[in-house]
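# Chain and residue survey
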Amino acid sequence: MFQSFDATASPEQGPPRLAALRDVMAEAGVDAFLVPRADRFQGEFVAPADERLAWLTGFTGSAGLAVICLDTAAIFVDGRYRLQVRDQVAEDFAPLDPAEITPGAWLTENVARRAKVGFDPWLHTVDGITKLTKAVGDHAVLHPTHNLVDRIWTDRPAPPVQTVRVHPLELSGEKSSSKRERLARELKDAGQRAAILTLPESICWLLNIRGDGIPCSPVVQAFAILHDTGRVGLFSSPEKFEHLGPDPNIDLEGEDGFGRAVGRLEGPVRVDGQSAPWRVSEILQDRAVSGDDPCIMPKACKNDAEIKGMRNAHLRDGAAMVEFLAWFDKEASAGGLTEISAARALEEFRTQAGDLLDISFDTISGSGPNAAIVHYRVSEQTDRKIRPGELYLVDSGGQYIDGTTDVTRTLAVGEPSDVHRDRYTRVLQGLIAISLARFPSGRAGRDIDALARAPLWRKGLDYDHGTGHGVGACLNVHEGPQRISPAGMTSLKPGMILSNEPGYYRPGEFGIRIENLLVVREDGKTLNERDRLCFETLTYVPFDRRLIETRLLGPWERTWIDAYHSEVNEKLSGLLSASAKAWLDAATKSLG
Ligand code: ZN
Ligand code: ZN
């Protein structure tokens, strides 16, 4: 988990790879070439064969774009990677923030008029290229080409070998045939002949399948076409599916048949410009109509079977977390723990929990000032000792057969300071406010985001990230469109799963975040004649009592914490070792 991908360019390897790329750019007659972090499926987690940006530049963050010109080069990364990019890439790549200068604006300043800007049309979305084309105006021409990085990356790893398995009905809760009929009717009603599906998580949801071989995500890499008849054209490696036997309503072909099949479609064909490769719109031309991937909304609203699976996965995951917390308490006070050794131990406890497929993202294990870096990823270079008097933040999760977890706890090592306790308590109050929220249906994440911030705002404090993201059910740990954030425009609907993760960060000193997952439920009451919604908590892991400043809490907050802790105890104690059970009994006592 901590080995970065072995072909990542070191600061010394970056410049010769850049020179080799410029040679093939000159041969191909382009003046610039775009190297995105994304693969053709636009996922957060990519296979080693698709780590082109890391191979070329050394940058290993989850989002970024390098723009290579013949005599200059830039790498665009957002604010959270500002420090990391400086450490990882050679000076030949100027690190830039797209919030300060967009790639389009930078290109117009750095290429000659009518320059040709090459890009791989499978790796960029329809919306991405449309936006860039507008930004460069008539100054430059966007020019689809073969991937030029692949031409020089001679020892590129092979694509992942994946095993596909059926995600059974007791976990999916709805037969694939029923999902396909439902969505096909929606297409027919919209007068559309077919929809293009290019997100593996959508295809896995639709066909009730899961796979392995991609880090942290149990998806199967594939493209698909859903016809308005309910038939599906599936484009992947056929041998992955052989053992499942044929399905009369699924036409299976190799991935290279996808472009040709799109070419044969009669319009109108629904294309989601946010995720579909540019190449799809190039093939369809005026037969394409833009619309959301039809799987996204039904996938986001989990049914009872999916919620039940998530609850079960969270109990095993909670037990693994408690084993870890009990162990950590003993080991950390003795000294000798580091961020890496703690994260490795946690992963071991999760493996023992049962039915673990993989972790759901790279564990964030940060002590002291490292925890103030929101997306901190420990490496051999940054690993530090966990010292008494500091806070330790651990944000981690698992992919289990029946569900996906994502949980953050912040722990005191030795005696916490008054500031630690004050800030921790305010963050916890924010988490409680969301957990207790009641709101009419039709309201979106942006309408409740401030509830989590209010306890910090009262003290003139805030945090610089959203309060919550959507989470898949045995799918991606980050899933849209639901989110709790000032930018969360999607109405919250029953069955949607979200994280609730307020935080507080003091750069150079400490970081605090607490995170539970929640599922949106109807609470059986109405509000302004609309159904009223509330949250059910999925995560059961105790908070660190040493960090709770009880005099800051209102009576309802004390009641909530005590009730939560007694529920944690009740749900988990039967799943624990004797020593962890004794630890949990003490950790979940009433605040008194
Ligand atoms: Zn998390
Ligand atoms: Zn999260």
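Read on for a plain summary of the structure. (Residues numbered from 1 in each chain as written. Chains lettered and ligands numbered in written order. Predicted model: local features only at pLDDT ≥ 70, side-chain atom pairs only at ≥ 80, totals over all residues. Heavy atoms only, no water.)

Quick look at the environment of Asp383 now. Topologically, Asp383 is positioned in the loop between strand S16 (364-367) and strand S17 (391-396). Spatially, the C-alpha atoms of Asp383 and Leu527 are 50 Å apart, while their sequence positions differ by 144 residues. Setting aside residues up to four positions removed in sequence, Asp383 forms contacts with Thr338, Glu339, Ile340, Tyr376 and Val378. Only 3.0 Å separates the side chain of Asp383 from the backbone nitrogen of Ile340, close enough to count as a polar contact. (Helix = DSSP H or I, 4+ residues; strand = E, 2+ residues; numbered from the N terminus. Contact = heavy atoms within 4.5 Å. Polar contact = N/O pair within 3.5 Å; in protein donor to acceptor, adjacent residues only side chain to side chain.)

In this section: the coordination of the zinc ion (ligand 1). Taken together, the protein donors to the zinc ion (ligand 1) comprise Asp395 (OD), Asp395 (OD), Asp406 (OD) and Glu515 (OE), at separations of 2.0 to 2.7 Å. Because the angles between the 4 donor atoms bound to the zinc ion (ligand 1) fall within 53 to 154°, the donor set is best described as irregular. Taken in chain order, the donor set of the zinc ion (ligand 1) reads D-x10-D-x108-E. A separation of 3.0 Å is found between the zinc ion (ligand 1) and the zinc ion (ligand 2), which are bridged by Asp406. (Donors = N, O, S within 2.8 Å, 3.2 Å for Na, K, Ca; no water. Tetrahedral: all angles 85-135°; square planar, octahedral: opposite > 155°, others 65-115°.)

On to the pattern of salt bridges, then. The final tally for this structure, using the stated rule, is 44 salt bridges. Its salt-bridge partner being Arg52, residue Asp150 comes within 2.7 Å of it at the nearest N-O pair. Within this pair, whereas Asp150 is found in helix H6 (residues 148-152), its partner Arg52 is found in helix H2 (residues 52-57), the two being separated by 98 residues in sequence. Its relative accessible area of 5% is what places Arg52 among the buried residues. (Salt bridge = Lys/Arg side-chain N within 4 Å of Asp/Glu carboxyl O. Buried < 20%, exposed > 50% of the residue type's maximum accessible area, 1.4 Å probe, protein only.)

So, about the sheet that holds S17. Sheet architecture is open: 3 strands sit in the order S16-S17-S20, paired in antiparallel fashion. Here the strands that pair on one side only, and so sit at the sheet edges, are S16 and strand S20 (407-412). The average undirected angle you get between the axes of adjacent strands in this sheet is 10°. Note: S17 against S20, 6 bridges, orientation antiparallel. Bridge pairing links Ser396 to Val407 in S20. On top of the sheet, helix H13 (residues 304-334) reaches S17 and S20; it is set at about 15° to S20, its chief contact. With respect to the sheet, helix H14 (residues 339-353) is in contact with S16, S17 and S20, its orientation differing from that of S17 by roughly 40°. (Pairing = 2+ DSSP bridges. Axes fitted to C-alpha atoms, helices over the stretch in contact; angles between N-to-C directions.)

Another aspect to go through is the coordination of the zinc ion (ligand 2). For the zinc ion (ligand 2), the full set of protein donor atoms is Asp406 (OD), His469 (NE2), Glu501 (OE) and Glu515 (OE), at a range of 2.1 to 2.3 Å. Of note is the zinc ion (ligand 2), whose 4 donor atoms meet at the metal with angles of 78 to 156° in an arrangement that counts as irregular. One chain supplies every donor for the zinc ion (ligand 2), spaced along it as D-x62-H-x31-E-x13-E.

The first and last C-alpha atoms of helix H17 (residues 555-572) sit 26 Å apart over 18 residues, in line with the 26 Å expected at 1.5 Å per residue. Within H17 the residues assigned to the buried category are Glu557, Trp560, Ile561, Tyr564, His565, Val568, Asn569 and Leu572. The arc that holds the buried residues of H17, viewed along the axis, is 165°, so those residues lie on one side. Exposed residues lying more than 90 degrees from the buried face of H17 are Pro555, Trp556, Thr559 and Glu570. (Expected span 1.5 Å × (residues − 1). Arc of directions from axis to C-beta.)

What the rule picks out here adds up to 0 disulfides. Cys204 supplies the cysteine sulfur nearest to Cys295, a cysteine that is in no disulfide, at a spacing of 10 Å. You can call Cys295 buried: its relative accessible area is 0%. Residue Cys301 stays outside any disulfide, its sulfur separated by 13 Å from that of Cys295, the closest cysteine. Looking at Cys301, the relative accessible area reads 22%, which means it is partly exposed. (Disulfide = S-S within 2.5 Å.)

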